[in-house]
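# A closer look at the structure
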Amino acid sequence: MRDLTIVDFLSELADRVPAPGGGATAALHAAQAAALLGMVARYTTGEKYTAHAETVVAVIAETDTLRARALKLAEEDAAAFTAVTDAYRLPKGEERSGAIARALAGAAEPPARVVETATRVVELCELLLPICNRNVVTDVAAAAEAARAALTTGRVNVEVNLGGVQDERLREELNIRLSGVDAAVARADWVTAEVREEIKP
């Protein structure tokens, strides 16, 4: 997936194939959010920003890591969902039921990790917003909005698999991992609101 052009990826996304789908899209939202914030941080360097250099360097390093992680999750999500469709093609019986349950549990993991990745991007948006180069402040809002999309899309892609997860402990764990989504979305909304207030004519 990482070697596809944007045009080719969108063609695959639009095609009648199981993957890529919503989960991969959630991961790419997170990757774009991290990339945007990394760009803002790179514009927040030099003599004018010396007082915040340590924070900015840390944000650059972490957003690069988060971007790479999110891209990997997009690929993992596509592979996990393909495993689900393969399990459904098995002959009916206990083996098929078990394979489906395992595949659904596996398919819930990449979007759950996307949610965690996007939550961290929102936290970094909050960190960078007050100190960033004001010429690119709208890109902090753009990053927050992309992270917001990753959060809500990732959540629904975990939830769609929960019904088929037979392990109650795993279901509970996944629900706990989703429990902070609304708060993270509210924080992303706050970042955007702050930026809109600042740029208001």
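Above this text is the structure in question.
Below you will find a few notes about this structure. (Residues numbered from 1 in each chain as written. Predicted model: local features only at pLDDT ≥ 70, side-chain atom pairs only at ≥ 80, totals over all residues. Heavy atoms only, no water.)

### Digging into helix H2 (residues 22–42)
For the α-helix, the turn length of 3.6 residues means that residues three or four positions removed from each other point alike. Between its first and last C-alpha, H2 extends 30 Å over 21 residues, near the 30 Å set by a 1.5 Å rise per residue. Gly23, Ala24, Ala26, Ala27, Ala30, Ala31, Ala33, Ala34, Leu37, Gly38, Val40 and Ala41 are the residues of H2 that are buried. Lining the buried residues of H2 we find helix H3 (53–88), helix H4 (94–128) and helix H5 (137–162). (Helix = DSSP H or I, 4+ residues; strand = E, 2+ residues; numbered from the N terminus. Expected span 1.5 Å × (residues − 1). Buried < 20%, exposed > 50% of the residue type's maximum accessible area, 1.4 Å probe, protein only. Contact = heavy atoms within 4.5 Å.)

### A look at the side chain of Asp77
For Asp77, the position within the fold is in helix H3. Of the side chains with opposite charge, Arg113 comes closest to the buried, unpaired Asp77, at an N-O distance of 10 Å. Sequence-distant contacts of Asp77, defined by excluding residues within four places in its chain, comprise Gly23, Ala24, Ala107, Pro110 and Pro111. (Lys, Arg positive; Asp, Glu negative; His and termini not counted. Salt bridge = Lys/Arg side-chain N within 4 Å of Asp/Glu carboxyl O.)

### Some points on the environment of Leu66
Relative to the helices and strands, Leu66 resides in helix H3. According to the relative accessible area criterion, Leu66 is buried, its value standing at 2%. Spatially, the C-alpha atoms of Leu66 and Ala35 are 8.6 Å apart, while their sequence positions differ by 31 residues. Once residues within four sequence positions are removed from consideration, Leu66 is found in contact with Ala34, Thr117, Arg120, Val121 and Leu124.

### A short note on the packing of H5 against helix H6 (residues 168–178)
One can describe the packing of H5 onto H6 by two numbers: an axis separation of 11 Å at closest approach and a directional angle of 165°. Between H5 and H6, the interaxial angle falls into the category roughly antiparallel. The two elements H5 and H6 meet at a crossing, and its hand is left-handed. Residues Arg155, Val158, Glu159 and Leu162 of H5 lie in contact with H6, whose contacting residues are Arg171, Leu174, Asn175 and Leu178. Of the residues assigned to the contact of H5 with H6, the class counts are 4 nonpolar, 1 polar and 3 charged. (Axes fitted to C-alpha atoms, helices over the stretch in contact; angles between N-to-C directions. Parallel < 35°, antiparallel > 145°, perpendicular 65-115°, else oblique. Left-handed = near helix turned anticlockwise from the far one by under 90°. Nonpolar A, V, L, I, M, F, W, Y, C, P; charged D, E, K, R; others polar.)

### Quick look at the pattern of salt bridges
Overall, the coordinates contain 16 salt bridges when judged by the stated rule. Between Glu75 and Arg2 there is a salt bridge whose closest N-O contact spans 3.1 Å. Linking Glu75 in helix H3 with Arg2 in the segment before helix H1 (6–14), this pair joins segments that are 73 residues apart in sequence. Overall, Glu75 belongs to the partly exposed group, its relative accessible area being 24%. Exposure remark for Arg2: the relative accessible area of 46% places this residue in the partly exposed category. The residue Asp64 makes a salt bridge to Arg67 at a minimum N-O spacing of 3.0 Å. Here Asp64 pairs with Arg67, and both are found in helix H3, just 3 residues apart, close to one helical turn. What makes Asp64 partly exposed here is its relative accessible area of 26%. Within this structure, Glu109, Glu116, Glu173 and Arg177 form a network of salt bridges that share partners.

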